[in-house]
Amino acid sequence: MIRGLVGAAVVAVLVAAVVRAEEEAASDDVVVLTESNFKSVIEESDLVLVKFYAPWCGHCKAMADDFIAAAGDLKGKAVLADLDATVEEKLATANGVKGFPTLKIFSKGKLLKDYGGGRDRQSIVDYMNKVLEPAFATLTTKDEVKEFLASTEKARALAIKPDMEAWKSATIQVVDVLSGAAVMAMVESADLVEGVSGAAEGKLVLVPAEETADSEYASVSDASDDAAMKKVLLSAAMPAYGVLSQSNAKVYVDNGEMLVVAFLENEEEITSDLSKTAKEAAKKFAKETGKGAKFVYTVGEELKGFKEHLFGSGEVKVPFGAYAFAGDMKYTWDQGTELTADGIVEWVNKILRGDFAPPRKSAPKPEKQEGPVINIVGDTWEEIVEDKTKNVLVMQMAPWCGHCKKLKPTWEKIAGDLAADESVVIAMMDATENDAPVEVKAKGFPTVHFYPAGEDQKPIAYSGDRSEEDIVKFIKDNSVVASKDEL
């Protein structure tokens with residue numbers, strides 16, 4: 001009996017040892033990166049997927065086995081590597097790691113792109129195999145080149161005997177963004193390219209969608225540097241008038257130029273008078289200047305939140321506007337003015353010149369105030385918040401914000417307790433329906449500012465604890481009226 005138990009124990013130990021050995025063998029497929037080997041592994045490998053992780057991270061633990069298995073599947077084609085960001089903090093910071101896990105793809109020492117696939121074994125393998133596939137076609141005859149350039153449905157990017165490492169790097173970085181917007185190809189000889197002015201070896205030809213290769217909008221640039229080629233290729237994702245979606249929004253955000261937007265209800269409206277007029281204006285603008293603004297359209301509900309950010313949640317007769325990333329500036333087309341191509345171009349140029357300020361979004365003025373907290377709208381901000389005879393504490397909130405909901409009872413309690421002091425105003429504004437001045441506009445919720453009374457009034461941002469005691473102390477410490485001591 002004892003011998004049997006001992007035998008079973010030995011078998012269990014041996015089985016556990018075998019399992020551990022198999023796990024260790026599998027994990028050998030994942031390279032462990034540290035400060036001492038990071039540079040060499042990244043520079044010497046054609047393709048590396050690095051997982052920046054933290055040992056305590058649940059998501060990191062959940063994908064660990066799949067990552068190991070995928071490393072085995074991709075062995076010989078791509079390197080999968082782990083980097084403990086809690087130990088190698090400098091490397092994590094240098095690579096912009098802000099959360100866990102963060103996965104990034106490198107090639108020959110350069111960051112190609114952030115990983116954009118799933119975290120299970122098959123998703124990792126499929127995504128990396130897709131990265132390994134050429135993102136471009138290789139054309140070998142004049143007829144193939146002619147056919148490629150003649151298709152005007154999408155933008156066409158044609159590299160003529162480019163630096164191959166740079167070309168591969170550039171195309172891998174942009175292929176996801178350009179999907180549906182552009183196609184890419186290369187040729188080994190300029191002799192295959194006809195009808196394109198300036199076409200030569202070491203050049204990159206870009207022909208916008210709906211344009212021919214001999215169009216004045218076609219461009220020819222150098223094809224020797226991956227960063228320069230990436231910039232040119234990304235411009236294909238931003239045609240004179242193109243769709244704005246969740247998949248390509250980052251391109252426009254990174255570009256930073258003002259967006260001029262037509263909001264369409266559905267695909268059928270792409271051929272509507274609104275869209276046709278916007279497209280005509282876009283081409284006029286591109287031909288005249290082409291700098292400072294990008295013309296786009298959205299379809300359906302995908303970017304409903306963006307539309308509401310410009311117009312609010314009410315009904316819009318002419319859903320056409322402009323948005324400047326700098327300062328979160330919103331401009332809406334005058335709903336009583338006819339929309340024409342020339343009018344749009346003039347309007348856009350006026351905005352870019354700074355000829356007029358954007359209208360401030362505002363809900364209707366409340367007919368009466370209910371409760372001790374004063375309800376502010378965009379049109380009453382100056383009148384109430386910037387009243388130099390009052391000490392005003394104002395919260396910008398969003399109805400869906402959990403932190404705002406939690407703070408609201410405290411806000412009402414403070415307003416009630418201080419209601420007898422006429423020099424103090426406790427206010428609140430729905431920032432999803434109303435705009436505050438640019439310098440204090442909320443970038444997150446809740447956002448709280450205090451405006452002390454006096455001619456030299458300047459807003460003070462509140463970043464303290466959200467308890468009643470701390471907020472009241474903040475008011476007392478920053479109030480400048482005689483009744484301060486009564487707070």
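Below, the discussion takes up the packing of aromatic side chains. Inspection of every chain in the model, using the stated rule, returns 18 aromatic pairs. For the ring pair tyrosine 331 and phenylalanine 356, a centre distance of 6.3 Å and an interplane angle of 75° mean the geometry is edge-to-face. Here tyrosine 331 is found in strand E15 (residues 329-332), whereas its partner phenylalanine 356 is found in the loop between helix H12 (341-353) and strand E16 (374-376), with 25 residues between them in sequence. For tyrosine 331, a relative accessible area of 6% translates into the label buried. Since its relative accessible area comes to 29%, phenylalanine 356 is described here as partly exposed. Centroid distance tryptophan 381 to tyrosine 451: 6.1 Å. Interplanar angle 80°. Geometry classified as edge-to-face. Here the residue tryptophan 381 occupies a position in helix H13 (residues 381-385), and tyrosine 451 occupies one in strand E19 (residues 447-451), the gap between them amounting to 70 residues. Judged on exposure class, the residue tryptophan 381 and its partner tyrosine 451 are both buried. Grouped by ring-pair contacts, the aromatic residues Phe263, Phe306, Phe311, Tyr323 and Phe325 constitute a single cluster.

Turning our eyes to something else, we now look at unusual backbone geometry. Note the cis peptide between phenylalanine 100 and proline 101, where omega equals -10°. Here proline 101 shows up in the loop between helix H4 (89-94) and strand E4 (102-107). Here the phi dihedral of lysine 161 falls at roughly 40°; this positive angle occurs in a residue that is not glycine. Counting through the fold element by element, lysine 161 comes out in the loop between strand E7 (155-160) and helix H7 (164-178). With phi around 70°, glutamate 210 is a residue other than glycine that occupies positive phi space.

The next thing to look at is the pairing of strand E14 (residues 320-324). Sheet faces and side chains relate simply in a regular strand, where the side chains alternate between the two faces. For E14, a buried count of five out of five residues is recorded, marking the element as mostly surrounded by other parts of the structure. Bridging between E14 and E15 involves four bridges; their strand directions are antiparallel. Counterpart to glycine 321 in the pairing with E15 is threonine 332.

On to the confidence of the model for the protein chain. Per-residue confidence for the protein chain gives a mean pLDDT of 88; residues scoring 70 or more make up 93%. No element of the protein chain has a lower mean pLDDT than helix H1 (residues 2-27), at 40, and none a higher one than strand E2 (residues 48-53), at 97. Here residues 1-26 scores under 50 on pLDDT; set against residues more than four positions off or in separate chains, the count is one contact. Counting interchain partners and residues more than four positions distant, the pLDDT-below-50 stretch residues 482-487 has 11 contacts.

Let us look at the sheet that holds E19. Taken together, the five strands give an open sheet; going across it, the order is E16-E18-E17-E19-E20, and neighbouring strands pair in mixed fashion. Both edges of this open sheet fall to E16 and strand E20 (460-461), since each of them pairs with a single strand only. In this sheet, E19 lies alongside strand E17 (residues 391-397) in antiparallel orientation, the contact comprising five bridges. Bridge assignment links valine 392 to a residue of E19, and that residue is tyrosine 451. Packing of helix H14 (residues 402-417) onto the sheet brings it into contact with E17, strand E18 (424-430) and E19, and relative to E18 it is tilted by some 155°.

A word on the pattern of salt bridges. If the charged atoms of two oppositely charged side chains come close together, the side chains can form a pair. Counted by the stated rule, this structure contains 26 salt bridges. The partner of arginine 121 in a salt bridge is aspartate 73, and the shortest N-O contact between them spans 2.7 Å. Here aspartate 73 lies in helix H3 (residues 58-73) and arginine 121 lies in helix H5 (residues 121-132), a separation of 48 residues in the sequence. Judged by its relative accessible area of 37%, arginine 121 falls in the partly exposed class. A salt bridge links glutamate 382 to arginine 360, with the nearest nitrogen and oxygen atoms 3.0 Å apart. A residue pair is termed long-range when its members are at least 10 positions apart, and glutamate 382 in helix H13 and arginine 360 in the loop between H12 and E16 qualify at 22 residues. Taking relative accessible area as the criterion, arginine 360 reaches 29% and is therefore assigned partly exposed. Salt bridges sharing common partners tie together Asp328, Lys330, Asp435 and Lys441.

Counting residues in hydrophobic clusters, the biggest one holds 35 residues, and the most contacted among them are Trp167, Leu178, Met184, Leu204, Leu233 and Phe306. Those elements that provide at least two residues to this core are E7, H7, strand E8 (182-187), strand E9 (203-207), helix H8 (226-235), helix H9 (249-255), strand E12 (258-264) and helix H11 (304-311). At five residues, the largest contribution of residues to this core is made by H7. Ala262, Leu264, Leu274 and Ala281 belong to the second-largest nonpolar core, a separate cluster that totals 28 residues.

About the thresholds
- Residues numbered from 1 in each chain as written.
- Predicted model: local features only at pLDDT ≥ 70, side-chain atom pairs only at ≥ 80, totals over all residues.
- Heavy atoms only, no water.
- Phe/Tyr/Trp six-rings, centres within 6.5 Å; stacked < 30°, edge-to-face > 60°.
- Helix = DSSP H or I, 4+ residues; strand = E, 2+ residues; numbered from the N terminus.
- Buried < 20%, exposed > 50% of the residue type's maximum accessible area, 1.4 Å probe, protein only.
- Pairing = 2+ DSSP bridges.
- pLDDT = per-residue confidence, 0-100.
- Contact = heavy atoms within 4.5 Å.
- Axes fitted to C-alpha atoms, helices over the stretch in contact; angles between N-to-C directions.
- Salt bridge = Lys/Arg side-chain N within 4 Å of Asp/Glu carboxyl O.
- Core = buried A, V, L, I, M, F, W, Y, C linked by side-chain atoms within 4.5 Å.

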